[in-house]
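Observations on chain architecture
What follows is each chain in one-letter form.
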Amino acid sequence: MSGPQVTLAQGGGGLQMQELIARELVPACDAELGRGLEDAVVLPGAERLVLTTDSYVIRPAIFPGGDLGKLAVCGTVNDLAMRGARPVYLTLGLIVEEGTELELLRTVMRSVAAACAEAGVALVTGDFKVVERDSGDGIFANTAGVGFLRQDPPPSLRRARPGDAILINGPVGQHGVALLAARGELQLQVTVQSDCAPLADLVGAMLKAGGEGVHALHDPTRGGVAAALNEIAEASGVGMEIRERDFPRDAGVDGACDILGLDPLQVANEGKLVAIVAPEVAEAVLKAMRGHQYGAESALIGEVLEGPAGRVSLRTALGTRRIVDPPSGELLPRIC
Amino acid sequence: MPEEVALRKQVEALARQIAKVAKRPMQFMEVCGTHAHAVGRLGLRQLLPETLTLLSGPGCPVCVTPTGEIDWALELAVRPEVTVATFGDMIRVPGSLQSLGDLRAAGAQVQVVYSPTQALEIAAERPDREVVFLGVGFETTAPTVAATIQTAARQELPNFSVLCCHKLIPPAMAALLAGGEVQIDGFLAPGHVSTILGLGPYQAIVDEFHVPCVIAGFEAHDILQGLLALAEQVRDGRAEVENRYGRTVRTEGNPVAQALLEEVFEIVPARWRGLGVLPESGYALREKYAQFDAVWRFGLQPSEAGEHPLCHCGEVLRGVRRPLDCPAFDAACTPLHPLGPCMVSSEGSCAAAYRYDRVEVK
């Protein structure tokens with residue numbers, strides 16, 4: 001066989017990955033329910049079930065601020081939360097490479113238990129496989145999550161409206177930078193911790209404050225805030241402008257990004273969300289966010305515009321404007 | 001924040017001064033990928049008067065690497081015993097047929113590193129592999145590669161070598177002026193390169209071509225101060241080397257790094273994408289370090305491979321064509337499907353234009 005092959009860049013969370021998903025994976029999905037490409041799907045039926053799944057191949061498995069187990073729970077809990085669901089049940093599948101230290105597995109499972117307890121979800125079933133040495137890399141995990149919708153209509157990437165406020169719950173880029181530093185490849189003296197955290201409770205508080213006015217929620221994981229906002233702008237057919245000076249900052253992230261030539265807006269997060277909310281509830285939602293442990297540094301960073309559709313621009317601290325582009329391919333090695 | 005307000009005021013004041021000085025059309029060129037990206041990221045062109053044009057020159061090291069040298073890297077990567085260690089920017093640059101990323105997906109050992117030292121560590125850990133580091137970059141990167149080669153020699157590492165594609169910036173600046181293809185009224189000289197070189201090489205350019213060179217840093221006010229100094233020189237009919245990055249760049253440069261370069265490398269003619277072969281414009285390993293020279297070690301033959309027929313990277317690198325004026329820009333050539341390196345590399349001027357300026361944001 002010498003046809004096209006899958007490249008790492010197609011897993012990077014950027015445009016290349018979107019293109020591959022749209023071309024190769026989506027056609028197999030259910031025509032009605034499976035083509036929305038949101039973080040989780042709202043299933044039909046009386047109970048309004050929300051379902052999601054995600055896989056975790058992070059390296060290293062233990063990093064400052066978390067580990068594979070915590071990430072596997074938080075990532076899936078957050079995907080449910082972004083659709084306005086209260087996460088309830090979780091499954092866990094593990095693919096472990098022969099020769100992996102049992103202690104690593106124990107550490108991961110302790111974190112899974114702790115994160116489930118914090119997020120208020122029950123781990124209810126799972127799967128365990130061991131593969132030959134070199135067929136994997138330590139531990140790969142997959143979690144699926146089920147939740148119940150807190151409100152109807154739920155927040156959706158398609159519901160952003162011109163005039164809406166754009167909120168964020170803290171400084172961006174901590175997870176990506178912490179991971180880069182943890183790999184020890186950069187000889188960077190950085191003390192940044194991953195922001196990995198379950199956000200369902202925060203979202204609960206936001207929905208209580210803003211109700212249906214909370215139009216869209218997105219967790220800016222791979223591809224960062226740049227990718228997340230572009231996805232919402234694209235799905236809703238709106239434009240956006242964000243303001244550099246209103247962003248909460250992390251000096252450690254800024255410093256590392258400066259040295260490495262990275263744009264913090266493109267760096268991954270695991271405990272952040274961007275919220276698109278109606279202007280009349282923006283203040284109440286922001287207040288609720290700031291009152292929560294995972295939203296103390298929340299800020300209003302911009303507004304949704306009529307158009308041009310799909311365009312996100314940034315007002316720089318100098319008063320100039322530029323496009324905020326999603327990263328196209330491989331930005332950093334595996335980080336989630 | 002008051003600090004940001006002060007910065008904005010300073011920048012606006014500089015922009016006003018530039019507009020006052022640049023009464024007639026002036027065309028300046030930066031020759032540094034970091035400048036190109038800073039200008040885009042900060043939206044600085046929006047602050048310049050219409051009389052002042054800032055061109056991007058051959059300042060992106062990945063971009064000026066000709067297809068022939070990329071093909072060498074590909075040729076090495078397909079050898080079963082070789083692990084290619086490279087900065088991430090090189091992964092997606094297309095060679096004649098494929099890119100390193102394509103080869104990696106097909107099973108080739110291609111590893112992204114963040115420093116040449118890391119490549120050395122891989123070589124030490126994997127004595128069964130031939131580890132080749134792709135030495136791409138200007139005077140800024142070359143000293144660390146030279147130091148790495150020295151370390152390899154000291155440790156007598158038998159399985160480490162460097163594919164040396166390093167180039168020197170001042171000869172390219174001189175070649176652009178000598179070529180006369182594009183009007184250049186002054187160079188915004190690269191801060192990082194100058195840290196190593198000092199002011200000497202620019203003086204030779206100023207003397208020969210009577211074109212001002214102003215060394216500038218990378219913050220908004222650094223770049224604008226550099227442009228202001230250039231505009232003032234042009235207004236006054238002067239051509240001088242001016243150091244506006246004095247907090248980092250010393251007149252004599254960095255003698256330690258210069259000695260290291262002198263010890264490990266000799267200066268040779270080199271092929272540049274878009275510029276052809278320029279005399280005394282590349283580094284090659286000296287004979288005493290030949291065993292660390294991948295070209296020698298693997299018997300690589302010179303390649304005359306041409307560029308993609310639709311790709312205008314060469315013209316872009318010479319400043320003859322601006323990225324937005326390239327017919328392939330945002331059509332046949334995007335970051336997703338790049339035709340040439342200027343669209344791939346994070347320092348490439350097409351990538352910068354695509355990311356920050358592709359639609360006039362007003």
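Cut-off values and rules
Residues numbered from 1 in each chain as written. Chains lettered and ligands numbered in written order. Predicted model: local features only at pLDDT ≥ 70, side-chain atom pairs only at ≥ 80, totals over all residues. Helix = DSSP H or I, 4+ residues; strand = E, 2+ residues; numbered from the N terminus. Buried ≥ 20, exposed ≤ 12 C-beta atoms within 10 Å, placed from the backbone. Contact = placed C-beta atoms within 7 Å. Domains from an automatic or database assignment. Nonpolar A, V, L, I, M, F, W, Y, C, P; charged D, E, K, R; others polar. Axes fitted to C-alpha atoms, helices over the stretch in contact; angles between N-to-C directions. Parallel < 35°, antiparallel > 145°, perpendicular 65-115°, else oblique. Left-handed = near helix turned anticlockwise from the far one by under 90°.

What follows is about the overall build of chain A. Helix and strand counts for chain A stand at 8 helices and 14 strands. Its C-alpha atoms put chain A at 55 × 50 × 45 Å along the principal axes. The buried share of chain A, reckoned over its 336 residues, is 53%. Within chain A, contacts between residues at least 6 apart in sequence are counted, and of these 84% link residues at least 24 apart.

Below, the discussion takes up unusual backbone geometry. Looking along the chain, the bond that leaves Asp152 of chain A and enters Pro153 of chain A is cis, with omega of 5 degrees. Among the secondary structure elements, Pro153 of chain A is positioned in the loop between strand S7 (139-149) and strand S8 (165-168). Cis geometry is adopted by the peptide bond preceding Pro308 of chain A, which originates at Gly307 of chain A and carries an omega value of -5 degrees. Residue position: Pro308 of chain A is located in the loop between strand S12 (299-305) and strand S13 (312-315). Of note in the backbone geometry, Glu156 of chain B takes a positive phi value of approximately 50 degrees without being a glycine. Relative to the helices and strands, Glu156 of chain B is located in the loop between helix H7 (142-154) and strand S6 (160-164).

With that settled, consider the domain arrangement of chain A. Residue and element names in this part refer to chain A. Domain parsing of chain A yields domain 1 (40-149) and domain 2 (165-323). The straight-line distance from the C-alpha centre of domain 1 to that of domain 2 is 23 Å. Between domain 1 and domain 2, the contact holds 21 residues from the first and 20 residues from the second. Breaking the side of domain 1 that touches domain 2 down by element, the ones donating at least two residues are helix H2 (68-82), strand S5 (85-97) and helix H3 (102-119). Looking at the side of domain 1 that touches domain 2 element by element, the count peaks at 10 residues for H2. Residues belonging to the side of domain 1 that touches domain 2 are distributed by class as follows: 13 nonpolar, 5 polar and 3 charged.

A few words on the packing of helix H5 (residues 200-210) of chain A against helix H8 (residues 279-290) of chain A. All names here are of chain A. Viewed as axis vectors pointing N to C, H5 and H8 meet at an angle of 150 degrees, and their least axial separation amounts to 8 Å. Put simply, H5 runs roughly antiparallel to H8. With respect to the hand of their crossing, H5 and H8 are arranged in right-handed fashion. Along the contact surface, H5 presents Leu202, Ala205, Met206, Lys208, Ala209 and Gly210, while H8 presents Val281, Ala284, Val285, Lys287, Ala288 and Met289.

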